[in-house]
There are 2 protein chains.
Amino acid sequence: MISVVIIGAGNVATHLFKAFSKANSITVNQWFNRNLNSINSYKNEVEIIDNLSLLKDADIYIIAVSDDAIAELSEQLPFENRLVVHTSGSVSIYDIDKKQKRGVFYPLQTFSKDAEMDFANVPVCIETIGGGEHYNLLKNLALSIGSPTKKVNSDQRRVLHLAAVFVNNFTNQLYRIGHEITESEGAEFDLLKPLILETAKKVQELSPYMAQTGPAKRHDKKTIKKQLKQLENKQHKDIYELLTSSIQQTHGRKKL
Amino acid sequence: MISVVIIGAGNVATHLFKAFSKANSITVNQWFNRNLNSINSYKNEVEIIDNLSLLKDADIYIIAVSDDAIAELSEQLPFENRLVVHTSGSVSIYDIDKKQKRGVFYPLQTFSKDAEMDFANVPVCIETIGGGEHYNLLKNLALSIGSPTKKVNSDQRRVLHLAAVFVNNFTNQLYRIGHEITESEGAEFDLLKPLILETAKKVQELSPYMAQTGPAKRHDKKTIKKQLKQLENKQHKDIYELLTSSIQQTHGRKKL
């Protein structure tokens, strides 16, 4: 049995709490948040606290708060030499106070407030310092909720977080631009939804390199020119040009 | 029963042939291609021809060739006043020779050579000139292969095709950049695949506006600065800056 304490009440903390609660080999000893209101609805399922001095023993303390608050919170923990991990993609493992055993338990996924998450679809990137004991404990924690795991170093974790910004935040903004463009002519964004899904499904099997198609890759100057003319928003034009150039950079010059 | 002739042998033509062949209420009378080798493997299922003068009667002639070849091919058809449609998102309906009844049957999806396609996931955008008879015929054709349909005008079709470039080609290029970035540190692109899929799934229910998260939306200057510094490729830096600015344009200034 692995015992954990959760610290924080955001999306990641909440999804982890739900997954841990369902797992047979995990006990959530306590759930801490500065503001009890956010976790009050769980008070019949777990001991909720808003005072760090009430923290009990546990195998793992999981700090799932905003990036900026991790260092300060870890300093305030009223114990030492225990395994304390954060869940951030970009914060250094050394931001955790050095009087603790430090680790990172980074779930590489986007969590929505309401939607349920199947942790089989949440790869957990694990970083620890030194010995394998803590790594194994964190790995077992992830496996207990059905997550695949990956041992990463700091550089790899940071690069995964950066890549996640591209494939999640930036991609979502391209969806948004698609939404704006279609609405401008009274067309329906809904018609694009199957294409959006298929585009994501395609790279589950094929590399993005192999999956590429379209006017940029084909160097179809006529269509590119027409489409640039269609775009009224200057920033959308810039994005069209830059990504077209990026595709052509990747796929090389047209063969004559 | 709706009878069709398919002209062309690319991905769209081939996927349509397969879907039509399976449908009970559709007969494919002939399949034309200039080069018979491309469709030779289907010769036991359908009459294949490489000579336009051999074309037989059909309710609908579907020209599924490259954009540039549509006008010329439609001119060469040895008959008049029949329903002739192309399948392109960007070519004008008027590129079809005016001696025919003209239409567009535009499947809004990305087709791979090998992967099977369920046409329930292929919205077909239909454009016709004048009366509803041809529209209804094309709509029934789409419904017979399980596709949802949408009546569009030329502007709407062009804008959908433009939006498709953003949500498909450009999105795929962001996946590619994610791939390059992760590999540069020996991290695994595979770890990003569930995130890619979830990002696409999220906007099936939520608007892209509501689905947005991350450092750009949060105006998290510290993370943005760190990530820009991480990027070694100048063009990747430009894309990061431009899409960050686009997200901030969409979501407004940070509330203080």
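An unreviewed UniProt entry lists chain A under the name F420-dependent NADP oxidoreductase, from Jejuia spongiicola.

**Digging into the sheet that holds strand β3 (residues 47-49) of chain A**
Residue and element names in this part refer to chain A. In spatial order, the strands read β3-β2-β1-β4-β5-β6-β7-β8; together these 8 strands make up an open sheet with mixed pairing. Strands with a single pairing partner mark the edges of an open sheet, and in this sheet they are β3 and β8 (149-151). Pairwise comparison of adjacent strand axes, ignoring direction, gives a mean angle of 25° for this sheet. In terms of strand pairing, strand β6 (residues 101-107) meets strand β7 (residues 124-128) through 5 bridges, oriented antiparallel. Following the sheet pairing, V104 is matched in β7 by E127.

**Describing the sheet that holds strand β4 (residues 60-63) of chain B**
All names here are of chain B. With mixed pairing, the 8 strands of this open sheet are ordered in space as β3-β2-β1-β4-β5-β6-β7-β8. Unpaired on one side and paired on the other, β3 (47-49) and β8 (149-151) mark the two borders of the sheet. Averaged over neighbouring strand pairs, the angle between their axes works out to 25° when direction is ignored. Pairing between strand β1 (residues 2-7) and strand β2 (residues 26-32): 6 bridges, direction parallel. Bridge pairing in β2 places I6 opposite W31. Running over the sheet, helix α1 (residues 11-22) touches β1, β2, β4 and β6 (101-107) and is turned about 150° from β2. This element, helix α4 (residues 154-184), spans β5 (83-86), β6, β7 (124-128) and β8 of the sheet and lies at about 25° to β6.

**Focus on the nonpolar core**
In terms of nonpolar packing, the biggest core is built from 76 residues, with A:F166 and B:F166 touching the most fellow members. The residues touching A:F166, leaving out its near neighbours within four places in the chain, are A:T171, B:L174, B:I177, B:I181, B:L231, B:H236, B:I239 and B:Y240.

**Here's the deal with the interface of chain A and chain B**
Much of the literature gives interface size as the accessible area that the parts lose upon coming together. Listed as interface residues are 87 residues of chain A and, on the opposing side, 87 residues of chain B. When chain A packs against chain B, the two sides together hide about 8500 Å² of surface, and 65% of this comes from carbon and sulfur. A per-residue breakdown of the area chain A buries against chain B is headed by A:F166, A:V167 and A:L191, which together make up 8% of the total. Our enumeration of links across chain A and chain B arrives at 4 salt bridges. For A:K150, the salt bridge identified is with B:E188, shortest N-O distance 2.7 Å. Inspection of the chain A/chain B interface yields 34 residue pairs in polar contact (both at pLDDT 80 or more).

**As for unusual backbone geometry**
Residue and element names in this part refer to chain A. At N81, a position not held by glycine, the phi torsion is positive, near 60°. Residue position: N81 is located in the loop between α2 (70-75) and β5 (83-86). Phi is positive for H219, which is not a glycine, with a value near 55°. Note that H219 resides in the loop between α7 (215-218) and α8 (221-230). The exposure class assigned to H219 is buried, which follows from its relative accessible area of 17%.

**Quick look at the relation of the copies chain A and chain B**
Between chain A and chain B, which share one sequence, the superposing operator has a rotation angle of 180° and an axial displacement of 0.0 Å; the RMSD is 0.0 Å. Such a turn and shift between the copies fits a two-fold axis. If distances are taken from each C-alpha of chain A to the rotation axis, the shortest is found for A:T171, at 2.7 Å. Comparing interface residues between copies, 100% of those in chain A also sit at the interface in chain B, which points to an isologous, same-surface contact.

Conventions we followed
Residues numbered from 1 in each chain as written. Chains lettered and ligands numbered in written order. Predicted model: local features only at pLDDT ≥ 70, side-chain atom pairs only at ≥ 80, totals over all residues. Heavy atoms only, no water. Pairing = 2+ DSSP bridges. Helix = DSSP H or I, 4+ residues; strand = E, 2+ residues; numbered from the N terminus. Axes fitted to C-alpha atoms, helices over the stretch in contact; angles between N-to-C directions. Contact = heavy atoms within 4.5 Å. Core = buried A, V, L, I, M, F, W, Y, C linked by side-chain atoms within 4.5 Å. Buried < 20%, exposed > 50% of the residue type's maximum accessible area, 1.4 Å probe, protein only. Buried area = accessible area lost by both parts, 1.4 Å probe. Salt bridge = Lys/Arg side-chain N within 4 Å of Asp/Glu carboxyl O. Polar contact = N/O pair within 3.5 Å; in protein donor to acceptor, adjacent residues only side chain to side chain. Least-squares fit on C-alpha atoms with pLDDT ≥ 70 in both.

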